[in-house]
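Below are the chains, spelled out letter by letter.
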Amino acid sequence: MAKIALIEKQPSKIKYEQYFDFDFDKYQLCSDPSVKRILKRDTDIDIDTEQYDWLVLVGSEPVKHFTTVSSVTDYSGKKVDSKFLPVISPAMLAFKPEAKKAWDESVASIHGYISGDIEEAIIDEKVAFGIQDTEEANEFIKEAIKHPSPHIALDSETTGLYPRDGYMLGISISYNGKCGAYIDTDCFDDRTEQLLQQLFTEKTVVFHNAKFDMAFFEYHFHFKFPKFEDTMLLHYLVDENPGGHGLKQLAIKHTQYGDYEKPMYEWIDRYRKEHGVLKDQFTWDSIPFDVMKTYAAMDALVTYILYEKLLVVKTNEKLKKVYEEILIPGTRFLIDTQDNGVPFDRTRLLVAQEAMQTDIDNAISTLYENDKIRRFEELNGKSFNPNSTVQLRSLLFDYLGLNPTGKKTGTGADSTDAEVLKELSAQSNVPQLILDIRQKSKIKNTYLDKIIPQLDRDSHLRTGFNLHGTTSGRLSSSGKLNMQQLPRDNPTVKGCIKAPPGHKIVAMDLTTAEVYVAAVLAKDEALMDVFRSGGNFHSTIAHKVFRPVSYTHLRAHETREDRGWRVVLGKKKGGGGGGGGGGGGG
């Protein structure tokens, strides 16, 4: 019989016996229940893990203590390092009932591992292999073309996040869901590319994040993809929460291969430590082919498996319609949009950068010339640093005696953010001076300084736009620059966007775009008539809902305070005498 230990964060009243039908020894990472945040010095567990066949780790703290896993949510119910079984804490179900399904699945999975009913698949050369020989690559592609499956899974490994910033190291293909191959692009010849285009033309090509991979394939090889699918977007249809669509997370949750990429990332960590390479300086061309091939080949295989599981999503006609008529065409549109990029006037950016620095210097000079700042510095015996929240708090609330707005930081201290400074400006001119420096510095540091070095040779900035980044269904932007956060009130950055010759920049207000769509979907003729006629949506709705009385009628009743009543949205309120005409029902 397997010997099992269950390790929780601290002593609790949770009766784990009601969830697990096997015997276990129970331990706590920290025996002191009063400790809120457990640090390394607080752990006093006394356990010999070698004595146990399985260790169930409840919650994030035990998981981080015993394994290298950083997220208990991603690995809940899955085996880690041969005998550790992470699981979310059942205590969270009280305030997060939507996690009940994940908890039940994790418990069932843990029982499966311990009973032997669940075994992780073995990843060997038959399952994931690499190809560096041209003839071997061509023969593999021919086999994929001849295979009866109507679809293949395709992935790429690159040296950068954007096609113009990097190149393709290799491509991965799985055509049967049983194995995957990673082909080194160095072995491609003209025949290889011809065969690949034939494969992509005859089969439906399945990607995980098609927008990324297709951009590289199209830019570097000019491949065409008449029919493509995206497992990331299929998953987004059934779980819109951001951050949960990664291939690794879905592979752990939905396939028998678990965390197949762990060995490669362990190699990367060792390499960075040995060579003193920072995380953001590491590039994937540093990874040897023999290390990369297993991970890369598995990417394609897992994508194939996920696609066949997620195809059930298409049995729902409404979800299928969203996927096929919005998400897939939207992917094609965004690939083209990102490739076009945002055109900037480089000369104007440089002028704006210099002018903004001059404005910042002037604003700082104005601040330090202020008598109140000088006296504050004399009192403290040191220069005032407006970027120090401690000094700023002392200046505003202790020295100047301004009344706090009531807004607090996460630690309970009085906030000094932009909203607070703007409100405090009504009490003193000092907050406005500091706010002015902050706003100008943010525009220069966050936008101008960041945009200029990232422009391509054609002066276009190519950043990312995402279909799966929000729960609202709206687009999001990420990457080199979040284009959705360009300052509205300051024209400095937007003024540097320059339309190419023969084109114009058109500004469109989409504030009520959702209402336009809703009117059509609901077949609301009255509402559609408002938009067709160019009427004001808000006033029309207000009129239909409240049926307000005329302005003159309202004014007449508002002056009769001595009668003890007033008209509010066409209704009488108060208990005074009658009199005065009705004023319309509410």
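Everything in this summary refers to the structure shown in the same document.

What counts and what doesn't
- Residues numbered from 1 in each chain as written.
- Predicted model: local features only at pLDDT ≥ 70, side-chain atom pairs only at ≥ 80, totals over all residues.
- Heavy atoms only, no water.
- Helix = DSSP H or I, 4+ residues; strand = E, 2+ residues; numbered from the N terminus.
- Rg over C-alpha atoms; globule rule 2.2 N^0.38 Å.
- Buried < 20%, exposed > 50% of the residue type's maximum accessible area, 1.4 Å probe, protein only.
- Contact = heavy atoms within 4.5 Å.
- Areas by Shrake-Rupley, 256 points an atom, 1.4 Å probe, with all protein chains shown as cover.
- Lys, Arg positive; Asp, Glu negative; His and termini not counted.
- Charge placed at Lys NZ, Arg CZ, Asp CG, Glu CD.
- Axes fitted to C-alpha atoms, helices over the stretch in contact; angles between N-to-C directions.
- Parallel < 35°, antiparallel > 145°, perpendicular 65-115°, else oblique.
- 1 Å grid on protein atoms, 1.4 Å probe; cavity = no way out; pocket = protein on both sides within 12 Å on 5 of 7 lines; lining within 4 Å.
- Points joined across faces, edges and corners; volume = space filled by probe spheres on them.
- Nonpolar A, V, L, I, M, F, W, Y, C, P; charged D, E, K, R; others polar.
- Phe/Tyr/Trp six-rings, centres within 6.5 Å; stacked < 30°, edge-to-face > 60°.
- Lys NZ or Arg CZ within 6 Å of the ring centre and 35° of its normal.
- Pairing = 2+ DSSP bridges.

Once that is clear, we can look at the overall build of the chain. Tallying secondary structure elements over the chain gives 20 helices and 16 strands in all. Computed over C-alpha atoms, the radius of gyration of the chain comes to 31 Å, more than 25% over the 25 Å expected from 2.2 N^0.38 for 586 residues, which places it beyond the range of a compact globule. A principal-axis box enclosing the C-alpha atoms of the chain has dimensions of 90 × 70 × 65 Å. Residues classed as buried in the chain amount to 44% of the 586 residues present. Look at the contacts in the chain between residues 6 or more apart in sequence, and 59% of them connect residues 24 or more apart. Roughly 32600 Å² of accessible area belongs to the chain as shown, and the carbon and sulfur atoms make up 51% of that amount. The centroid of the 74 positive side-chain charges in the chain is displaced by 9 Å from the centroid of its 84 negative side-chain charges.

Moving on to the environment of Leu402. Residue position: Leu402 is located in the loop between α14 (389–399) and α15 (418–424). Taking the relative accessible area as the measure of exposure, Leu402 reaches 7% and is therefore buried. If we skip the residues at most four places from it in the chain, Leu402 touches Leu396, Phe397, Leu424, Gln427, Ser428 and Pro431.

To continue, consider the packing of α14 against helix α16 (residues 430–451). Two elements in contact, α14 and α16, have axes whose closest approach is 11 Å; the angle formed by their N-to-C orientations is 155°. Classified by the interaxial angle, the pair formed by α14 and α16 is roughly antiparallel. Of the residues in α16, those touching α14 at Leu392, Leu395 and Leu396 are Val430, Pro431, Ile434 and Arg438.

This part covers the layout of surface pockets. Taken as a whole, the second largest pocket spans an internal volume of roughly 1600 Å³. Around the second largest pocket, the lining is made up of 50 residues, and of these Thr158, Gly160, Leu161, Asn209 and Phe212 lie nearest the centre. Elements represented by at least two residues in the lining of the second largest pocket include exactly β6 (151–158), α6 (210–221), α8 (247–254), α10 (289–310), α11 (317–340) and β13 (464–466). With 6 residues, α6 is the single largest residue contributor to the lining of the second largest pocket. The class makeup of the residues in the lining of the second largest pocket is 14 nonpolar, 19 polar and 17 charged.

A few words on the packing of aromatic side chains. If you walk through the whole model with that rule in mind, you get 29 aromatic pairs. Summarising the aromatic geometry, the rings of Tyr27 and Tyr52 are spaced 6.1 Å apart at their centres and angled 85° between planes, so their arrangement reads as edge-to-face. With Tyr27 in strand β2 (residues 25–28) and Tyr52 in the loop between β2 and β3 (54–58), this residue pair connects regions lying 25 residues apart in the sequence. By way of ring pairs, the aromatic residues Phe188, Phe200, Phe207, Phe217, Phe221, Phe223 and Phe225 are connected into one cluster. Here the basic side chain of Lys3 rests over the ring of Tyr52, its NZ or CZ set 5.2 Å away from the ring centre.

A few words now on the sheet that holds strand β9 (residues 204–207). Taken in spatial order, the 6 strands of this open sheet run β5-β8-β7-β6-β9-β10, and their pairing is mixed. The two strands at the open ends of the sheet, each matched to only one other strand, are β5 (128–131) and β10 (228–230). Sheet twist, expressed as the average angle between the axes of neighbouring strands with direction ignored, equals 25°. Most of the contacts of α6 go to β6, to which it runs at about 75°, and overall it touches β6, β7 (168–174), β9 and β10.

Moving on, we come to the pairing of β3. The element β3 is largely enclosed, with a buried count of 5 among its 5 residues. Residues Trp54, Val56 and Val58 line one face of β3 and the alternating positions Leu55 and Leu57 line the opposite face, and both faces are buried. Bridge count between strand β1 (residues 4–8) and β3: 4 bridges; the pairing is parallel. Looking across to β3, one finds that Leu6 is bridged to Val56. Summarising the sheet, β3 and strand β4 (residues 84–87) pair through 4 bridges and their orientation is parallel. Opposite Leu55, over in β4, you have Phe84 as the bridge partner.

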